[in-house]
Amino acid sequence: MFDGIGFMELLLIGILGLVVLGPERLPVAVRSITGWIRAMKRMANSVKDELEQELKIEELHSDLKKAESQGLKNLSPELQESIDQLKSAAQSVNRPYKVEDISPASSSAPVNPTPAETKTAETSATSEKPNG
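Residues numbered from 1 in each chain as written. Predicted model: local features only at pLDDT ≥ 70, side-chain atom pairs only at ≥ 80, totals over all residues. Heavy atoms only, no water.

**Here's the deal with the overall build of the protein**
Our working rule: Secondary structure elements are defined from DSSP: runs of H or I of at least 4 residues count as helices, runs of E of at least 2 residues count as strands, and each element is numbered from the N terminus. Each residue is placed in one exposure class: buried if its accessible area under a 1.4 Å probe, protein chains only, is under 20% of its type's maximum, exposed if it is over 50%, and partly exposed if it falls in between. Under the convention used here, a 1.4 Å probe and the Shrake-Rupley method define accessible areas, while residue burial counts only the protein chains that appear.
From N to C terminus, the protein includes three helices and zero strands. Starting at the N terminus and walking to the C terminus, you meet the elements of the protein as α-α-α. Split into buried and exposed, the 132 residues of the protein put 8% on the buried side. When the accessible surface of the protein is totalled, it reaches about 11,800 Å², and 61% of it is carbon and sulfur.

Structure representation (structure tokens):
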């Protein structure tokens, strides 16, 4: 970060800051400036990561278009690798939404009651009500 600034320049900036701001406000100013620098670095890194991701998505999209134009047959290794990456990404997206099977023995009520069970439940509910 400080490629063009040597030790003497940093020392001169520190002495000038000490003279201008004073010993009470200098540490606070240094902390706030370093906080701003960190925030700018984080923002620059996040923008760079988003751009790289968008470029990769665009490359995969163009590879998919090329593969579709060739009929998904006799693909070059690069195109085949892109198709495999897209397939694995699609599987990873769909995987969290799969419904896990729940065994009927573990649940207290049946998942899909039969018509006989439904009729039995209805008659027992009406017989529990007092007439009157």
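**With respect to a nonpolar patch on the surface**
The condition that has to hold: Grouping into patches uses exposed residues only, defined as over 30% relative accessible area, and leaves out salt-bridged ones; the cut-off is 9 Å for like charges and 5 Å for nonpolar side chains (Val, Leu, Ile, Met, Phe, Trp, Tyr). A side-chain nitrogen of Lys or Arg and a carboxyl oxygen of Asp or Glu constitute a salt bridge if their distance falls within 4 Å.
Taken together, the side chains of Phe7, Met8, Leu11, Ile15, Val19 and Val20 present a nonpolar region at the surface, about 670 Å² in accessible area. As for its position among the elements, valine 19 is in helix 1 (residues 7-69).

**Some points on helix 1**
In an α-helix there are 3.6 residues to a turn, and that puts residues three or four apart on one side. Formally: A helix is expected to span 1.5 Å multiplied by its residue count minus one. The bend at a residue is defined as the angle formed between two axes, one fitted to the seven residues ending at that residue and one fitted to the seven starting there. Contact between two residues is taken to exist if any of their heavy atoms lie within 4.5 Å; hydrogens are not considered.
If you check helix 1, its first and last C-alpha atoms are just 60 Å apart, much less than what 63 residues at 1.5 Å a residue would give, namely 93 Å. For helix 1, the principal kink sits at glycine 22 and spans about 115°; a proline, proline 23, occurs within the next four residues. Three or more residues of helix 1 are buried, namely Gly17, Gly22, Leu26, Leu60, Asp63 and Ala67. Of the surrounding secondary structure, the elements contacted by the buried residues of helix 1 are helix 2 (77-94). Following helix 1 by one or two positions, glycine 71 has its phi on the positive side, about 75°.

**With respect to the confidence of the model for the protein**
To keep it simple, the criterion reads: Every residue gets a pLDDT, meaning the predictor's confidence in that residue, from 0 to 100.
With 69% of its residues at a pLDDT of at least 70, the protein reaches an overall mean of 76. Ranking the elements of the protein by mean pLDDT puts helix 3 (residues 115-128) last, at 50, and helix 1 first, at 90.

**Re the packing of helix 1 against helix 2**
A pair of packed helices is captured by two measures, namely the crossing angle of their axes and the spacing between those axes. As a reminder of what qualifies: Note on method: axes are straight lines fitted to C-alpha atoms, helices fitted across the in-contact stretch only, with angles between N-to-C directions ranging 0 to 180 degrees. Orientation labels follow simple angle bins: below 35 degrees gives roughly parallel, above 145 gives roughly antiparallel, 65 to 115 gives roughly perpendicular, and whatever is left gives oblique. Helix crossings are classified by the rotation of the near helix relative to the far one: an anticlockwise turn of less than a right angle makes the crossing left-handed, while a clockwise turn makes it right-handed. Each residue gets one of three labels, nonpolar for Ala, Val, Leu, Ile, Met, Phe, Trp, Tyr, Cys and Pro, charged for Asp, Glu, Lys and Arg, and polar for the others, Gly among them.
Running from N to C, helix 1 and helix 2 point in directions that differ by 115°, and their axes come no closer than 9 Å. Taken together, helix 1 and helix 2 sit at an angle that is classed as roughly perpendicular. Considering the relative orientation of helix 1 and helix 2, their crossing is left-handed. Together, Lys56, Leu60, Asp63, Leu64, Lys66 and Ala67 of helix 1 and Leu79, Ser82, Ile83, Gln85 and Leu86 of helix 2 make up the contact between the two elements. A breakdown of the residues in the contact of helix 1 with helix 2 according to their chemical character gives six nonpolar, two polar and three charged.

**Looking at a negative patch on the surface**
Going by this rule: In this tally, Asp and Glu contribute negative charge and Lys and Arg positive charge; neither His nor the terminal groups of the chain are included. The atoms used to mark charge sites are NZ of Lys, CZ of Arg, CG of Asp and CD of Glu.
Among the surface-exposed residues, Asp49, Glu50, Glu52, Glu54 and Glu58 lie close enough to one another that they form a single negatively charged patch. Examined against the element boundaries, glutamate 50 turns out to sit in helix 1. With relative accessibility at 52%, the residue glutamate 50 sits in the exposed group.

**Focus: helix 2**
Note the cut-off: Read the arc as the range of directions from the helix axis to the C-beta atoms.
For helix 2, which comprises 18 residues, the first-to-last C-alpha distance of 26 Å matches the rise-based estimate of 26 Å (1.5 Å per residue) to within 8%. Along helix 2, the residues that are buried comprise Leu79, Ser82 and Ile83. The buried side chains of helix 2 occupy one side of the element, clustering within an arc of 100° when seen end-on. What points out from helix 2, more than 90 degrees from its buried face, is the exposed set Pro77, Glu78 and Gln91. For helix 2, the secondary structure elements touched by its buried residues are helix 1.

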